[in-house]
Structures are given as C-alpha cells and as structure tokens.
2 protein chains.
Amino acid sequence: MPLTDGSFKHKKVISIGTVSELTGLTERQIRYYESRKLIFPERSKTGLRKFSFQDIETLIEIANRLEDGVWTNEIRKELKGREQFIAEAKLSNHLINGKINAQLKL
Amino acid sequence: MPLTDGSFKHKKVISIGTVSELTGLTERQIRYYESRKLIFPERSKTGLRKFSFQDIETLIEIANRLEDGVWTNEIRKELKGREQFIAEAKLSNHLINGKINAQLKL
DNA sequence: CGTGTAAGGAATTCTGACACG
DNA sequence: CGTGTAAGGAATTCTGACACG
C-alpha cells in the first residue's frame, strides 16, 4: 500500500555543494553535522559524500532546532526518536493490514 | 489527487558521474544524447550539468532503443510522443474529475 | 551516426588544523 | 560548541577536436 515511490527520496546521489545550495547551510556545517552523527551520507569510491533528499530534509530540521538553541546531542536523540516512531508505525500498519486481510477472507 | 511526491523525481541535482554509474552509460554518451536533444539537464552557475531521476529513467529508455537499432532522431520523436500522451492524460483526468465533482453536487 | 580518447583548464570536494569562545 | 577560514592535494567535469566509419 505504499503510495509514494520513496526510492528516489532515499537514494544517495547528491553532492555536498548541491546540498549546500538546497539547504542554505555551508559545507562546513553539513560536514560537522555528519561528524556529530546527525546525518549519514554515503561515499563514492573516491571518498566524495553523497546525500539523499531525505538527508536534505533532515538537515533543514537540524538547522531549525539549532536556531532554537538545541545542541547537536539533543537533536540526535530527537531524530532517533522520530525514526523509532516511524518504524513502529510501519510495523503497526503492517499488522493491521494483515488482520484486515484475514477478516476479508471470512 | 497526486499520490506520488514527484518533486524529487524531477529535481535536477545529480552530477554526470553519478548518472553514468546509475545508467551504465559513459559520460560521453550522456553528453551526446543531450546534444541530440533527448535529455535536458540543467546547469550549475559554473556550467556543471545537473540531472534528475526522471532524466536517468529516460536515459535507460534511450539506451534500450539504441540497442534496438533506432536512431536518436527517431527516439526524440518517441519521447515527444510520450510526453504529449502524458500531458493529454493529465488534462483528461482533470476534466473528468471536474465532471465527477459536478455530479456529486447534484 | 554514435562513441572513444587525449588535452588543458576550471570547478568541486576532502582532510586536518588554527581560531574564537 | 558550532562555525569560519586558509592550505594543499585529489577527484570531477567541461569543451573542442581527431578518429572510425
């Protein structure tokens, strides 16, 4: 039942310069957030960082939280919390779908 | 009624090296197809090509057609035909939705 | 026609460090 | 803590051309 493609959103293909333009953040900031384990870009064979659209969305959230005076340590927890929530929601959704299908067969 | 995001699919953010990896085509081939007006990457301020996921899908189609022995001239027409079809389908879809909504109000 | 390649230059990205605080 | 910057090097990309055909 997935409606959106999503494969595009999570594919790591965007280089740091483009991410910088899209987010308004400096490359320095982006690299720093990676070192703080807030984002996890992939690397090309030669070591160049590759980001996804999802990473860009996360970076914008990070920038907003930092403006609120929140530390990267705290932001990391928040992001993990969100991830956990999504994972649970997906599982729950999956289970419910199973029950619905079971009922439909009766 | 758009279900898929789509904004990601059409955003021009991928550099030619990554496109080459994703499609299996050489940079030479990709640049040539652009010169033949089969794809239309954007350019960064300094002139670097930027492609979208849609461009990548088109490139794969192009490669398939070329393998079939079709010339770029012909492929260009095919692609235009497809575009035209999609545009018409969207319009038609829009009109039908309008009629349905009109009926629902009766 | 479609593609390979060598050529020279320009733009991008990387890391580690010094700085401020 | 989070960010700016100068430094030197490595990897990427660009264009125009010669080549084959």
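Residues numbered from 1 in each chain as written. Chains lettered and ligands numbered in written order. Predicted model: local features only at pLDDT ≥ 70, side-chain atom pairs only at ≥ 80, totals over all residues. Heavy atoms only, no water.

As recorded in an unreviewed UniProt entry, chain A goes by MerR family transcriptional regulator and comes from Ureibacillus manganicus DSM 26584.

## Quick notes on the nonpolar core
Most often, soluble globular proteins keep nonpolar side chains buried together rather than apart. One finds A:Ile30, A:Leu59, A:Ile62, B:Ile30, B:Leu59 and B:Ile62 to be the most contacted residues of the largest nonpolar core, which totals 38 residues. Listing elements by their share of this core, those giving two or more residues are α2 (16-23), α3 (27-35), α4 (53-67) and α5 (72-104) of chain A together with α2 (16-23), α3 (27-35), α4 (53-67) and α5 (72-104) of chain B. Leave out the neighbours within four places in its chain, and A:Leu59 touches A:Val19, A:Thr23, A:Leu25, A:Ile30, A:Tyr33 and A:Ile39. (Core = buried A, V, L, I, M, F, W, Y, C linked by side-chain atoms within 4.5 Å. Buried < 20%, exposed > 50% of the residue type's maximum accessible area, 1.4 Å probe, protein only. Helix = DSSP H or I, 4+ residues; strand = E, 2+ residues; numbered from the N terminus. Contact = heavy atoms within 4.5 Å.)

## Looking at unusual backbone geometry
Even without a glycine there, the phi angle at A:Lys37 is positive, about 65°. Under the relative-accessibility criterion, A:Lys37 is labelled exposed at 51%.

## Observations concerning the protein's contact with DNA strand D
A:Tyr32, A:Tyr33, A:Thr46, A:Thr72 and B:Arg49 are the nearest of the 19 residues found near DNA strand D. The protein-proximal atoms of DNA strand D, defined as those within 4 Å of the protein, are 73% sugar or phosphate. Within the side chain of A:Tyr32, an N or O atom sits 2.7 Å from a phosphate oxygen of DNA strand D. Only α3 of chain A together with α2 and α3 of chain B provide two or more residues apiece to the surface near DNA strand D. When its residues are assigned to classes, the surface near DNA strand D shows six nonpolar, seven polar and six charged. (Near = heavy atom within 4 Å. Polar contact = N/O pair within 3.5 Å; in protein donor to acceptor, adjacent residues only side chain to side chain. Nonpolar A, V, L, I, M, F, W, Y, C, P; charged D, E, K, R; others polar.)

## Considering the interface of chain B and chain A
Taken residue by residue, the interface counts 16 residues in chain B and 16 residues in chain A. Between chain B and chain A, a total of about 1400 Å² is buried, with carbon and sulfur atoms accounting for 74% of that surface. In this assembly, chain B and chain A are joined by zero salt bridges. For the pair chain B and chain A, the interface holds two residue pairs in polar contact (both at pLDDT 80 or more). For the side of chain B that touches chain A, the secondary structure elements donating two or more residues are α1 (7-10), α2 and α4 of chain B. The element contributing the most residues to the side of chain B that touches chain A is α2(B), with three residues. (Buried area = accessible area lost by both parts, 1.4 Å probe. Salt bridge = Lys/Arg side-chain N within 4 Å of Asp/Glu carboxyl O.)

## What about the protein's contact with DNA strand C?
Around DNA strand C, the structure places 19 residues, and the nearest of them are A:Arg49, B:Tyr32, B:Tyr33, B:Thr46 and B:Thr72. Near-protein atoms of DNA strand C (within 4 Å) split between backbone and bases, with sugar and phosphate holding 74%. Between DNA strand C and A:Ser15, the relevant distance is 3.0 Å, taken from a phosphate oxygen to a side-chain nitrogen or oxygen of the residue. B:Thr72 places a main-chain nitrogen or oxygen 2.7 Å from a phosphate oxygen of DNA strand C. Contributions of two or more residues to the surface near DNA strand C are made by α2 and α3 of chain A together with α3 of chain B. Its residues assigned to classes, the surface near DNA strand C comprises six nonpolar, seven polar and six charged.

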